[in-house]
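Fold and contact review
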Amino acid sequence: MPELRFTVRWPDQSECVCYSPSSRIREAFVLGQPYPLDEFVLRAREALQQASARVAGLYGFGCGQALAQIATIERQAAQYRDRPDPQVVVQAFHP
């Protein structure tokens, strides 16, 4: 299962590199497209949960890193909830 990293640009223009245990994350986002904060979090959570489920299907247990990445994204997103119309952009996928 090909793991993948993806670069996220937050509403304050800071960037971080996130982890996915599968390429499923590519199906959730269009590079360069701004997503409203809540939509980004929802899409990321769903994609990473599905990726973890794929791992569970193959190995009998989910991916702890994917679940930790969901928590990190949710924590980071909470910082921007008070901003008017916060947008998040997935800038790149890294194999």
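A brief structural summary.

Reading guide: rules and limits
Residues numbered from 1 in each chain as written. Predicted model: local features only at pLDDT ≥ 70, side-chain atom pairs only at ≥ 80, totals over all residues. Heavy atoms only, no water. Helix = DSSP H or I, 4+ residues; strand = E, 2+ residues; numbered from the N terminus. Rg over C-alpha atoms; globule rule 2.2 N^0.38 Å. Buried < 20%, exposed > 50% of the residue type's maximum accessible area, 1.4 Å probe, protein only. Contact = heavy atoms within 4.5 Å. Core = buried A, V, L, I, M, F, W, Y, C linked by side-chain atoms within 4.5 Å. Phe/Tyr/Trp six-rings, centres within 6.5 Å; stacked < 30°, edge-to-face > 60°. Salt bridge = Lys/Arg side-chain N within 4 Å of Asp/Glu carboxyl O. Expected span 1.5 Å × (residues − 1). Arc of directions from axis to C-beta. Patch = residues over 30% accessible without salt bridge, like charges linked within 9 Å, V, L, I, M, F, W, Y side chains within 5 Å. Areas by Shrake-Rupley, 256 points an atom, 1.4 Å probe, with all protein chains shown as cover.

On to the overall build of the chain, then. Summing up its helical and strand segments, the chain has three helices and four strands in all. Mapped in sequence order, the helices and strands of the chain form the string β-β-α-β-α-α-β. Over its C-alpha trace the chain gives a radius of gyration of 13 Å, about what one expects of a compact globule, namely 12 Å for 95 residues. Scored against the burial criterion, the 95 residues of the chain give a buried share of 39%. Partitioning the contacts of the chain with sequence separation of at least 6, the portion at a separation of at least 24 is 64%.

With 22 residues, the main nonpolar core has Phe-6, Trp-10, Ile-25, Phe-29, Phe-40 and Ile-73 as its most contacted residues. By residue number, the principal contributor to this core is helix H2 (residues 37-59), which donates six residues. Setting aside residues no more than four positions away along its own chain, Trp-10 makes contact with Cys-16, Leu-37, Phe-40, Ile-73, Gln-76, Ala-77, Tyr-80, Gln-87 and Val-88.

Bringing the packing of aromatic side chains into the picture now. Per the counting criterion, the structure on display carries five aromatic pairs. Judged by centre distance (6.4 Å) and plane angle (35°), the rings of Tyr-59 and Phe-61 are tilted. This pair shows no difference in class: Tyr-59 is exposed, exactly as Phe-61 is. A network of ring pairs unites the aromatic residues Trp-10, Phe-29, Tyr-35, Phe-40 and Tyr-80 as a single cluster.

What follows deals with the pattern of salt bridges. All chains considered together, the criterion is met by five salt bridges. Residues Glu-39 and Arg-43 are paired through a salt bridge, measuring 2.8 Å at the closest nitrogen-oxygen approach. Taken as a pair, Glu-39 and Arg-43 lie in helix H2 at a separation of four residues, close to a single helical turn.

Next up on the list: helix H3 (residues 64-78). Relative to the 21 Å expected for 15 residues at 1.5 Å per residue, H3 spans 21 Å between its end C-alpha atoms, a close match to the ideal helical length. For H3, every residue scored as buried is listed here: Ala-66, Gln-69, Ile-70, Ile-73 and Ala-77. What you see down the axis of H3 is that its buried residues fit within an arc of 105°, all on one side.

Taken together, Leu-58, Tyr-59 and Phe-61 make up a surface patch of nonpolar side chains, about 370 Å² in accessible area. Tracing the chain through its elements places Phe-61 in the loop between H2 and H3. The exposure class of Phe-61 is exposed, given its relative accessible area of 54%.

Structural measurements only, silent on function.
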